Amino acid sequence: MASASANSLFAPSLPSSSPSSSTNSSTKFFLPRSSAAYSSFPSLRLISSSSRRALSSPARVVNALASPDISVADFQSDTKGSKPTILVAEKLSDAGLEVLKGFANVDCSYNLSPEELRSKISLVDALIVRSGTKVTREVFEAAKGRLKVVGRAGVGIDNVDLQAATEFGCLVVNAPTANTVAAAEHGIALLASMARNVAPADSSMKAGKWQRNKYVGVSLVGKTLAIMGFGKVGSEVARRAKGLGMHIIAHDPYAPADRARAVGAELVSFDEAIKTADFISLHMPLTPSTSKVFNDEAFAKMKKGVRIINVARGGVIDEEALVRALDNGTVAQAALDVFTEEPPPKDSKLVQHENVTCTPHLGASTTEAQEGVAIEIAEAVLGALNGELAATAVNAPMVPTEVLSELAPYVLLAEKLGRLAVQLVAGGSGIKWVKVVYMSSRNQDDLDTRLLRAMITKGIIEPISSSFVNLVNADFIAKQRGLRISEERVLIDGSPEFPLESVQVQIANVKSKFASALSESGEIRVEGRVKDGVPHLTRVGSFSVDVSLEGNLILCKQTDQPGMIGSVGNILAEQNVNVNFMSVGRTAPRKQAIMAIGVDEEPNKDTLMKIGEVPAIDEFVFLEL
């Protein structure tokens, strides 16, 4: 269908708070490095499960671009031999650059102004930044749809507008593991050096003084350390502090209690953590809910003489409030590696305070960490450009590694069924309700279908919209267009070895251009399954069929009689249209039947008219897959 039909097919947007909607524009994504994965950058691709470094191996494009006029063969031909262009906007180690240069054109342009970044961004396929470059909505708008991946070399992503990235279908990946140990080690270094006054004692000696009594410290053993944010870095700090003989408590609303117990930490509430701690170490991201969470009110609840370490994000502390707490003795000392403004002003009262130890954002600054981060982000970006979704993607549906590995063969089936179902809708029908039914022998708690729902959404929206839809923005666009998608899981007898027996897509309250696709209850209904790794259509309306969902498809409703397959086959052969698969499903011998024909080429109008003129054929439809 032409994109002009989008307005007639989609109803006006529904309120975002609608309880019926299953979409969620803030869902995140987690995918494995080594298992087979699927992506849509710029189209959905199937990749092998071999090493992520084998990025030059060909990927089979299994879905055409948004325009139905662009074939898979055309896409492969157009992109063969071409290299993507990657803009590196902040310094990356040579090890990471070498990985990038092996597979892409690399533009290293550092210290770009916002205007310069916007002027260059439409010329690149990927952007790599650290913490200093702001990737705003204006940047995504200026990219004009070309930018496919933003890589953040490090953990925090507060300098990237995730909502805008999602809306524009751009994947955002970070490098959260390579600098974990370095950041934890720096946190422990600040903890110990603050407790023993290492920095001021060093400055004193360099000034020719010997002030042993002035720099008497405090012991760590037996003291309570509150870790605020129990993620990768926080848990590593806990392990090391435990070895120093400290009692560890932690606050993190998302951390599982068993993981905390495994390292000898006790999860407590925010207030309990700050009220009972002798030392507080911050490891939380900067979000609207954590911005300036350590303010006058929080400091007032703390034990007098508490000591604070921050190697996370400067913005989680109200710096003026911290100065007041230091002045009145509530906070005895602070050790800070990060600041709200970096670098902070030279006359900063916080930096100049005698009870504050400062370092210039050195958490990840070890030779090993810098190299590791550069390689990690380079591999993640290249993997995404090559059709692989990175394990560190942060703005698409969250799917555990083992689940993705199992569902990989069904991803293409889901997208094809959505594409097939929407093309059966007659023009002028407003699509409001879609129901997806999963048949499985597994119980409901052992079947994660979020990735499949995203792909069905893609398949439904893309053929009837001018929007380009991928895994990143599928839920957002569905919600924006008022498309409600519900899911049902039907428990059947079978082997739990396979996650799904079949997938069914229903579109309710619409008219169909192929009446036989309507079920007894009146909705368009198509069903499919995976056979030998290939998606197959197994039901249309009330009719059983069995046809491979490769190439394109012709559906014919006919009177079941001898010679029908030959009649249609001859018409297609005369026009040099190759048939790759054919199946007939009937209600009873000599009664009504549906013939499903898979074809490699698109028949011209004259050929389709000849098929429709066969006397025993009641109706037919050609579908692009």
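Refer to the structure printed above.
Just so we're clear, the structure is a prediction, and the values are computed from it rather than from any experiment.

S.K.: Outline the overall build of the chain, listing residues and values.
M.R.: Regarding its fold elements, the chain presents 20 helices and 25 strands. In the chain, which comprises 625 residues, the proportion classed as buried is 52%. Here the analysis covers contacts within the chain between residues at least 6 apart in sequence; of these, 68% occur between residues at least 24 apart. For the chain, the computed accessible surface area is about 27,200 Å², with 51% contributed by carbon and sulfur atoms.

S.K.: Residue-level account of the pattern of salt bridges, with values.
M.R.: Opposite charge on two side chains makes pairing possible when the charged atoms of those side chains draw close. This structure, assessed with the given rule, holds 20 salt bridges. With a shortest N-O distance of 2.9 Å, Arg313 and Asp158 are connected by a salt bridge. In this pair, Arg313 sits in the loop between strand E13 (306-310) and helix H13 (319-327) while Asp158 sits in the loop between strand E7 (149-152) and helix H6 (162-167), placing the two residues 155 residues apart along the sequence. Residue class for Arg313 comes out buried when judged on its relative accessible area of 14%. Glu501 is the partner of Arg529 in a salt bridge, and the nearest nitrogen-oxygen pair spans 3.1 Å. Placement of the pair is Arg529 in strand E19 (residues 524-531) and Glu501 in the loop between strand E17 (484-491) and strand E18 (502-508), with a sequence separation of 28 residues.

S.K.: So what's going on with the sheet that holds E7? Residues and values would help.
M.R.: The sheet built from five strands is open, its strands ordered E5-E4-E6-E7-E8 with parallel pairing. Strand pairing shows two members of the sheet lacking a second neighbour, strand E5 (105-108) and strand E8 (171-174), which therefore form its edges. In this sheet, neighbouring strand axes are inclined to one another by 20° on average, regardless of whether the strands run parallel or antiparallel. This element, helix H15 (residues 367-385), spans strand E4 (85-88), strand E6 (126-129), E7 and E8 of the sheet and lies at about 170° to E7.

Reading the values: the criteria
Residues numbered from 1 in each chain as written. Predicted model: local features only at pLDDT ≥ 70, side-chain atom pairs only at ≥ 80, totals over all residues. Heavy atoms only, no water. Helix = DSSP H or I, 4+ residues; strand = E, 2+ residues; numbered from the N terminus. Buried < 20%, exposed > 50% of the residue type's maximum accessible area, 1.4 Å probe, protein only. Contact = heavy atoms within 4.5 Å. Areas by Shrake-Rupley, 256 points an atom, 1.4 Å probe, with all protein chains shown as cover. Salt bridge = Lys/Arg side-chain N within 4 Å of Asp/Glu carboxyl O. Pairing = 2+ DSSP bridges. Axes fitted to C-alpha atoms, helices over the stretch in contact; angles between N-to-C directions.

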